[in-house]
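Descriptive structure summary
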Amino acid sequence: MSASASLSSATTTPPPSIPVKNCLVDEYERVVVKSLVTSFGLDFMLFNDQRGGDVDTIKTVRDPQAGYKNAKEKERYENRGNYESADYHSHKNYIETNKKYKGDKEKGNLQDAYSGNQIAKNDSFDLDHVVAAKKIHDDKARTLAEMDGPDLANIEENLVATHPSINRSKKADDAEAFISRLQAERESRIEKINELRHQLDKPDLLPDEKDYLRKTLTTLEQKENVDHEKLIKAENEAQKTIDRKMAEKYYTSKKFFEHAGIAALNQGIRLGIRQALGVVFVEFWIELRKAFPKIFEAITKKQDFSYFLDGIKNAIKKAWESIKIKFKEIITSFKDGVLAGILSSITSTLINTITVTAKSAGMIIRSTWSSIVEALKILIFNPEKLPLGDKLLAVFKVISTGISIVLGATIQAQVSSATSSIPIVGDILPSFLGSLITGILSVTMLYYLDHSDLVKSIVNFANSLKSSMEKKADYYREVAGAYEAYAARIGGIDLEHLRTETTRLRQCADILYQDHLDMNLRLDRVLEKLGVAAPCKTVPELDAFMQIADAKLSF
């Protein structure tokens, strides 16, 4: 049974003989134990929650803290080979794009992608990889998608024309690093530009000196002309296209679906086992906890340790009997857990294609799906055949306990990060606090839902309503009842007699439709077929009969 399911089914209404305070304490204990055993204890044993989930995605492999989930993918990256500049700069697309830009320059239609300035016919330019070729070669997402580095680096969106001094100053830096370096050097660069302009104004410069000063000045001015917004926009657009191509290749691959499917099935089975074991362990704990006071009392009085062993043995027997009674519930818990586990794994994988989840997200997603599965089961299948109001109340209980577990898991994650450096305490304290908060919130909300006058009035009102489906069901029940009553009436008829009478009536009808016979003759034959004796055989007899005032014609 999921933690949420078991909590929602817990009763917080004490029997008349037990004080409310004692009942609440018992429920708090049960819920805390369940939380420790399932959401915290068994999670620690059965799940290896990690940053980024269980399936490699483009986002997670790039995240240094998430890393690889699949050893083969890590090995593939490590065996990617060294970066060879020639492979990237001799690519067919690189050569063709370079020729195209040269043609645009001759026509006067070429602009510097990073400054926006026109590139003159007699100026030179470099073809730059907006996202550096080496960065693409070393991109873990590229090897994950199994895409060729030179093909990916030399797409149209990643090749732009720029002044050689800008390109060679940028090197393999990304936009942020290059802009940061330009800003850091700006003060000294402006000072140098002014100094060079002043030197070029001197009349006694030799041609070689003048040429050198002009080249140096041009290099510095081109750096100063870099439009930071254009540079960032070009990189964002190129990176977006590169990421889209990798995503299309990887997320539609057989490999991705296999990895995601195996991870989902694995987590489903583990969560199913966790849910089933949770029911078993809690039953054992409850029985042992009840037995301990009596065991210790017997040991104290009798001074015999054998009473301890006998007491434990009896408590285990009782727990086992309770578990056998709940066998169907355990199987149901396993199946619900498998479904919730598969859905939580798929959800985690989908989220990690967009952003990288924290380590604590695993427990939160599992708990959320456990609650959703239990709530949907109540709403759709309604196994207990609850009326609408009670059904909604059961769903609210499931959701409230699910929220409690999520809050407990969140607090556990926060405390764990704060106490991770403390030996022993760093492992025990977060789990204890998470379970304690989960237990207190769960039972408190359950108690409120069971005792609130407002909730009771809402439940009673909902119970008085009938959904359209229920109304249709009532109608069809009515129709079915009418058919049953009609069938019972038909069942009392002598079918053989009915068949004989029906045959005779059909024969009479055939006689009446014989147009070639006189109507009197037809009527005589019908009376004969029916076995009816006519009171008058001839017309005079009929006239005489009709003259009798008190005569009666009967069949």
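So, here is what we can say about the structure in this document. (Residues numbered from 1 in each chain as written. Predicted model: local features only at pLDDT ≥ 70, side-chain atom pairs only at ≥ 80, totals over all residues. Heavy atoms only, no water.)

Attention now goes to the overall build of the protein chain. Along its length, the protein chain carries 24 helices and 2 strands. Taken across its 555 residues, the protein chain has 38% of its residues classed as buried. Counting contacts in the protein chain only where the partners sit at least 6 residues apart, residues at least 24 apart contribute 74% of the total. (Helix = DSSP H or I, 4+ residues; strand = E, 2+ residues; numbered from the N terminus. Buried < 20%, exposed > 50% of the residue type's maximum accessible area, 1.4 Å probe, protein only. Contact = heavy atoms within 4.5 Å.)

The subject of this paragraph is empty space enclosed by the protein. This structure, assessed with the given rule, holds 1 cavity of 30 Å³ or more. In this structure, the largest cavity is lined by 21 residues; those nearest its centre are Gly53, Asp54, Gln267, Ser348 and Gly362. The leading source of residues in the lining of the largest cavity is helix H16 (residues 327-352), at 5 residues. Residues belonging to the lining of the largest cavity are distributed by class as follows: 4 nonpolar, 13 polar and 4 charged. (1 Å grid on protein atoms, 1.4 Å probe; cavity = no way out; pocket = protein on both sides within 12 Å on 5 of 7 lines; lining within 4 Å. Points joined across faces, edges and corners; volume = space filled by probe spheres on them. Nonpolar A, V, L, I, M, F, W, Y, C, P; charged D, E, K, R; others polar.)

The next thing to look at is the nonpolar core. Among the nonpolar cores identified, the biggest contains 34 residues, and Tyr114, Leu231, Ile242, Met246 and Tyr250 are the most heavily contacted of them. Counting residues per element, the ones that place at least two in this core are helix H3 (58-62), helix H7 (133-137), helix H8 (140-144), helix H9 (149-153), helix H11 (175-200), helix H13 (228-251) and helix H14 (254-302). Sequence-distant contacts of Met246, defined by excluding residues within four places in its chain, comprise Ile58, Arg62, Asp139, Ala141, Arg142, Ala145, Met147 and Leu152. Core analysis: the second largest hydrophobic core is formed by 8 residues, Tyr94, Ile119, Leu127 and Ala161 among them. (Core = buried A, V, L, I, M, F, W, Y, C linked by side-chain atoms within 4.5 Å.)

Relative to the elements of secondary structure, Arg142 occurs in helix H8. No salt bridge is formed by the buried Arg142; its nearest oppositely charged neighbour, Asp148, is found at 6.0 Å. Not counting chain neighbours up to four residues away, the residues in contact with Arg142 comprise Arg80, Ile136, His137, Met147, Asp148, Gly149, Leu152 and Met246. (Lys, Arg positive; Asp, Glu negative; His and termini not counted. Salt bridge = Lys/Arg side-chain N within 4 Å of Asp/Glu carboxyl O.)

Now for the pattern of salt bridges. Tallying each qualifying case throughout the model produces 22 salt bridges. A cluster of three or more residues bridged by salt bridges with shared partners is formed by Glu73, Arg76, Glu146 and Lys255.

Turning to the packing of aromatic side chains, a few remarks are in order. The full count for this structure, using the stated rule, is 6 aromatic pairs. Between Tyr250 and Tyr251, the ring centres sit 5.2 Å apart and the planes meet at 50 degrees, which makes this aromatic pair tilted. One cation-aromatic arrangement involves Arg80 over Tyr77; the distance from NZ or CZ to the ring centre is 4.1 Å. A cation over an aromatic ring shows up here: Lys140 above the ring of Tyr77, its NZ or CZ 5.6 Å from the ring centre. (Phe/Tyr/Trp six-rings, centres within 6.5 Å; stacked < 30°, edge-to-face > 60°. Lys NZ or Arg CZ within 6 Å of the ring centre and 35° of its normal.)

Turning to unusual backbone geometry, a few remarks are in order. Non-glycine residue Glu146 carries a positive phi angle of around 55 degrees. Take Glu146: it is sitting in the loop between H8 and H9. Exposure remark for Glu146: the relative accessible area of 42% places this residue in the partly exposed category. Phi angles above zero are rare outside glycine, and Lys171 is one such case at about 55 degrees.

A few words now on a negative patch on the surface. Where like charges cluster on the molecular surface, the negative patch consists of Glu84, Asp87, Asp148 and Asp151. Within the element layout of this structure, Asp87 appears in helix H5 (residues 85-89). On the basis of relative accessibility, which here comes to 45%, the residue Asp87 falls in the partly exposed class. (Patch = residues over 30% accessible without salt bridge, like charges linked within 9 Å, V, L, I, M, F, W, Y side chains within 5 Å. Areas by Shrake-Rupley, 256 points an atom, 1.4 Å probe, with all protein chains shown as cover. Charge placed at Lys NZ, Arg CZ, Asp CG, Glu CD.)

Right, let's get into H13. Taking 1.5 Å per residue as the helical rise, H13 with its 24 residues ought to reach 34 Å, and the 33 Å between its terminal C-alpha atoms agrees with that figure. The backbone nitrogen of Glu229 lies 3.0 Å from a side-chain oxygen of the residue at the head of H13, namely Asp227. (Expected span 1.5 Å × (residues − 1). Polar contact = N/O pair within 3.5 Å; in protein donor to acceptor, adjacent residues only side chain to side chain.)

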